[in-house]
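The chain contents come next:
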Amino acid sequence: VGGPGADRFVATWVYYGLELLAVAALVTRVIVVPAERAAWACLAAGLAAYTVGDLVWEFGYHGVAPVPSVADLFYLAFYPATYVALLLLVRSRVSRFNRSVWLDGISVALAVGAVGAAFLLEAALDHTEGKPLAVATNLAYPLGDLVLLALVVGVFWLVGRDAGIEWVVIGGAFLATAVADAVYLWMS
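Everything quoted here is computed from the prediction, not taken from an experiment.

Student: Would you mind going over the overall build of the protein chain in detail, with residue names and values included?
Tutor: From N to C terminus, the protein chain includes six helices and zero strands. Ordering the α and β elements of the protein chain from the N terminus gives α-α-α-α-α-α. The proportion of buried residues among the 188 residues of the protein chain is 35%. When the accessible surface of the protein chain is split by element, carbon and sulfur atoms take 73% of a total near 10,900 Å².

Here is the structure:
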């Protein structure tokens, strides 16, 4: 729609605008809603870091960044902030944490991680080359996605039917991120 000129506008300004809008929505939630403030603040920080990574990649490196780059630092900061957010959200939603519930959740997460590793890591290794730091950086993304997906599946296992729409949206977003990273890896 609108030809090549519109493509650039949408791919740059609309895309980054939507990212900034999502960060603003999360920050607004943190300010307005006191419940689970720390968890949502961590998620906002993770998404903000990812957005800064995108902005650095686009406007600092003009879409051609070395590996590793400053953009990678921001992209990779997304993962630990998001892991903490997920764990805080789970803690606030699961009323009792006995050992068997934890072991079940960990078992499911490990099973998902193993299946994902069988497919994703082989492709990552096949498509990654260069200096050791570049290889480590490129492998950090699929590993981060894998841990994130395993955590989300483990959360669904722990929370069960009480997950609610929030977890479906969060899980779907993280799944979309992992798929996008995998497609990018296979196409590069």
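Moving on, there is more to tell.
Student: How would you explain helix α3 (residues 70–93) if you had to name every residue and give the values?
Tutor: Think of an α-helix as turning once every 3.6 residues; residues three or four places apart then point the same way. Taking 1.5 Å per residue as the helical rise, α3 with its 24 residues ought to reach 34 Å, and the 36 Å between its terminal C-alpha atoms agrees with that figure. Turning to α3, its buried residues number three or more, namely Ala71, Asp72, Tyr75, Phe78, Tyr79, Ala81, Thr82, Tyr83, Ala85, Leu86, Leu89 and Val90. You can read the cap of α3 off the contacts: a side-chain oxygen lies 3.2 Å from the backbone nitrogen of Ala71, and it is on Ser69.

Student: Explain the packing of aromatic side chains to me, and be specific about the residues and the numbers.
Tutor: In this structure the tally under the stated criterion is nine aromatic pairs. Between Tyr50 and Tyr75, the ring centres sit 4.9 Å apart and the planes meet at 55°, which makes this aromatic pair tilted. Of this pair, Tyr50 sits in helix α2 (residues 37–60) while Tyr75 sits in helix α3, placing them 25 residues apart in sequence. Ring geometry for Tyr75 versus Tyr141: centroids 6.4 Å apart, planes at 70°, classification edge-to-face. Here the residue Tyr75 occupies a position in helix α3, and Tyr141 occupies one in helix α5 (residues 132–159), the gap between them amounting to 66 residues. Neither Tyr75 nor Tyr141 differs from the other in exposure class; each is buried. One aromatic cluster is present, built from ring pairs that chain together Tyr50, Tyr75, Phe78, Tyr79, Tyr83, Tyr141 and Phe174.

Student: How would you explain the packing of α3 against α5 if you had to name every residue and give the values?
Tutor: Viewed as axis vectors pointing N to C, α3 and α5 meet at an angle of 15°, and their least axial separation amounts to 10 Å. Judged on the interaxial angle alone, α5 and α3 are roughly parallel. Like other packed secondary-structure pairs, α3 and α5 cross with a definite hand, here left-handed. Touching Asp72, Tyr75, Leu76, Phe78, Tyr79, Thr82, Tyr83, Leu86, Leu87 and Val90 of α3 are Thr137, Ala140, Tyr141, Leu143, Gly144, Asp145, Val147, Leu148, Leu151, Val152, Val155 and Leu158, all from α5. Of the residues that constitute the contact of α3 with α5, the class distribution is 17 nonpolar, three polar and two charged.

Student: If you had to explain a nonpolar patch on the surface to someone new, which residues and values would you point to?
Tutor: Where nonpolar side chains cluster on the molecular surface, the patch consists of Phe9, Val10, Trp13, Val14, Leu18, Leu21 and Phe59 and spans about 710 Å² of accessible area. Here Phe9 lies in helix α1 (residues 3–32).

Student: Please set out unusual backbone geometry residue by residue, giving values where relevant.
Tutor: Between Val67 and the following residue, Pro68, the backbone shows a cis peptide bond with an omega angle of -5°. Topologically, Pro68 is positioned in the loop between α2 and α3. Phi angles above zero are rare outside glycine, and Glu36 is one such case at about 60°. Along the polypeptide, Glu36 turns up in the loop between α1 and α2.

Student: Describe the packing of α2 against α3, with residues and values.
Tutor: Two numbers describe a pair of packed helices, the interaxial angle and the distance between the axes. Look at α2 against α3: their axes get within 7 Å of each other, and the N-to-C directions meet at 165°. Considered as vectors, α2 and α3 are oriented roughly antiparallel to each other. Of the two possible hands of crossing, α2 and α3 adopt the one that is left-handed. The residue inventory of the contact of α2 with α3, partitioned by class, reads 23 nonpolar, three polar and one charged.

Student: So what's going on with the nonpolar core? Which residues, and what values?
Tutor: Formed by 27 residues in total, the largest nonpolar core has its most connected members in Trp40, Leu86, Leu148, Trp167 and Phe174. Mapped by element, the contributors of at least two residues to this core are α1, α2, α3, α5 and α6 (164–187). Counting residues per element, this core draws most heavily on α3, at nine residues. With residues up to four places along the chain from it excluded, the contact list for Leu86 reads Leu148, Leu151, Val152, Trp167, Ile170 and Phe174.

Conventions used here
Residues numbered from 1 in each chain as written. Predicted model: local features only at pLDDT ≥ 70, side-chain atom pairs only at ≥ 80, totals over all residues. Heavy atoms only, no water. Helix = DSSP H or I, 4+ residues; strand = E, 2+ residues; numbered from the N terminus. Buried < 20%, exposed > 50% of the residue type's maximum accessible area, 1.4 Å probe, protein only. Areas by Shrake-Rupley, 256 points an atom, 1.4 Å probe, with all protein chains shown as cover. Expected span 1.5 Å × (residues − 1). Polar contact = N/O pair within 3.5 Å; in protein donor to acceptor, adjacent residues only side chain to side chain. Phe/Tyr/Trp six-rings, centres within 6.5 Å; stacked < 30°, edge-to-face > 60°. Axes fitted to C-alpha atoms, helices over the stretch in contact; angles between N-to-C directions. Parallel < 35°, antiparallel > 145°, perpendicular 65-115°, else oblique. Left-handed = near helix turned anticlockwise from the far one by under 90°. Contact = heavy atoms within 4.5 Å. Nonpolar A, V, L, I, M, F, W, Y, C, P; charged D, E, K, R; others polar. Patch = residues over 30% accessible without salt bridge, like charges linked within 9 Å, V, L, I, M, F, W, Y side chains within 5 Å. Salt bridge = Lys/Arg side-chain N within 4 Å of Asp/Glu carboxyl O. Core = buried A, V, L, I, M, F, W, Y, C linked by side-chain atoms within 4.5 Å.

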